[in-house]
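Here is how the chains run, residue by residue.
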Amino acid sequence: MSALLDLQGVALRFGPAVALQDISLRVARGERVALIGANGSGKSSLLRVMHGLERPSEGLARHEAGARQAMVFQRPWLMRGPALNNVVLGLWLAGQPWRASRERAAQALAHVGLAEQAQRPARALSSGQQQRLALARAWALAPELLFLDEPTSNLDPHGKRDVEALMADFGRQGMTLVFASHNLGQVKRLASRVVYLEHGRILADLPVHQFFDRALLERNSHEAALFVKGELA
Ligand SMILES: Nc1ncnc2c1ncn2[C@@H]1O[C@H](COP(=O)(O)OP(=O)(O)O)[C@@H](O)[C@H]1O
Ligand SMILES: [Mg+2]
């Protein structure tokens with residue numbers, strides 16, 4: 001099967017700092033890939049390379065021709081003004097005409113449960129609502145591939161639950177997801193596959209049920225098994 005995304009031998013360096021090394025990874029349509037690892041292990045760098053925000057210092061990052069993609073960050077970047085306009089602007093920047101964008105944007109807000117907040121200033125929304133607004137802005141573009149960088153790490157439990165529910169919903173709609181997470185419970189709930197990073201390298205890449213099978217993980221990657229034990233302790 002052809003990959004939606006194919007990285008081969010990717011390295012990313014910033015001067016002497018090595019953010020990623022020797023990364024080879026294929027993402028197929030319909031997968032939900034969780035990137036996990038300690039702070040500084042390279043999760044954000046990998047997402048940025050995948051989304052095309054960074055060019056690899058070495059190796060190749062190939063995308064399926066014409067595949068649409070979007071990215072959601074830990075803290076949403078929102079402009080002043082109504083929630084709706086933030087989504088309209090996203091569509092307009094992607095080349096949609098302004099008028100058609102308004103209708104699509106309203107649909108996107110309704111999809112994430114923010115229809116009633118459409119005219120409220122985006123920056124006055126709660127952090128959970130702001131993140132749902134960022135998800136609406138991404139969803140409006142109908143991406144086949146969505147990248148999310150620790151999308152719930154700044155949220156209270158309600159906000160987390162809402163964003164997770166939307167991610168699950170996007171996945172069920174067939175959207176391919178690649179997300180960084182610090183929350184192993186969330187990884188279990190949402191991912192179909194887990195990629196464990198350490199010092200910019202992939203040390204484990206397994207289907208989710210194998211990753212959370214202690215004995216199997218220990219056999220595949222002692223480092224990843226240690227990480228999971230530490231996070232659960
Ligand atoms: N723009 C940058 N300039 C210099 N070093 C960077 C830059 N971006 C990331 N790094 C380094 O790359 C490594 C991986 O960082 P990052 O991808 O942010 O990890 P994570 O998201 O897992 O915390 C870290 O050592 C970080 O300091
Ligand atoms: Mg990060």
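For the structure, check the block above.
Just so you know, these numbers come straight off a predicted model, no measurement behind them.

Calculation notes
Residues numbered from 1 in each chain as written. Chains lettered and ligands numbered in written order. Predicted model: local features only at pLDDT ≥ 70, side-chain atom pairs only at ≥ 80, totals over all residues. Heavy atoms only, no water. Helix = DSSP H or I, 4+ residues; strand = E, 2+ residues; numbered from the N terminus. Rg over C-alpha atoms; globule rule 2.2 N^0.38 Å. Buried < 20%, exposed > 50% of the residue type's maximum accessible area, 1.4 Å probe, protein only. Contact = heavy atoms within 4.5 Å. Near = heavy atom within 4 Å. Areas by Shrake-Rupley, 256 points an atom, 1.4 Å probe, with all protein chains shown as cover. Nonpolar A, V, L, I, M, F, W, Y, C, P; charged D, E, K, R; others polar. Polar contact = N/O pair within 3.5 Å; in protein donor to acceptor, adjacent residues only side chain to side chain. Axes fitted to C-alpha atoms, helices over the stretch in contact; angles between N-to-C directions. Parallel < 35°, antiparallel > 145°, perpendicular 65-115°, else oblique. Left-handed = near helix turned anticlockwise from the far one by under 90°.

When helices and strands are counted, the protein chain shows nine helices and nine strands. For a compact globule of 233 residues, the expected C-alpha radius of gyration is about 17 Å, and the protein chain comes in at 18 Å, within 12% of that figure. Dimensions along the principal axes, computed over C-alpha positions, put the protein chain at roughly 55 × 35 × 35 Å. The buried share among the 233 residues of the protein chain stands at 48%. Across the protein chain, contacts joining residues at least 24 apart in sequence account for 66% of those joining residues at least 6 apart.

With that settled, the discussion passes to the site of ligand 1. The environment of ligand 1 is made up of Phe 14, Ala 19, Ala 38, Asn 39, Gly 40, Ser 41, Gly 42, Lys 43, Ser 44 and Ser 45. Coverage of ligand 1 by the protein chains reaches 59% of its 560 Å² of free accessible surface. Top contributing element to the shell around ligand 1 by residue count: helix 1 (residues 43–51), with three residues. Residue composition of the shell around ligand 1, grouped by class: three nonpolar, six polar and one charged.

Moving on to the side chain of Thr 152. By the secondary structure assignment, Thr 152 is in the loop between strand 6 (145–149) and helix 5 (157–172). Classification of Thr 152 by relative accessible area gives buried; the value is 4%. At a separation of 3.0 Å, a polar atom in the side chain of Thr 152 contacts the side chain of Gln 186. When residues no more than four places from it in sequence are discounted, the contact partners of Thr 152 are Lys 160, Val 163 and Gln 186.

What follows covers the packing of helix 2 (residues 83–93) against helix 3 (residues 98–111). Where helix 2 meets helix 3, the closest approach of the two axes is 8 Å, and the angle between their N-to-C directions is 125°. Here helix 2 lies oblique to helix 3, going by the angle between them. Judged by the sense of rotation from one axis to the other, the crossing of helix 2 with helix 3 is right-handed. Contacts from Ala 83, Leu 84, Asn 85, Val 87, Val 88, Leu 91 and Trp 92 of helix 2 reach helix 3 at Trp 98, Ser 101, Arg 102, Arg 104, Ala 105, Ala 106, Ala 108 and Leu 109. Looking at the contact of helix 2 with helix 3, its residues break down into 11 nonpolar, two polar and two charged.

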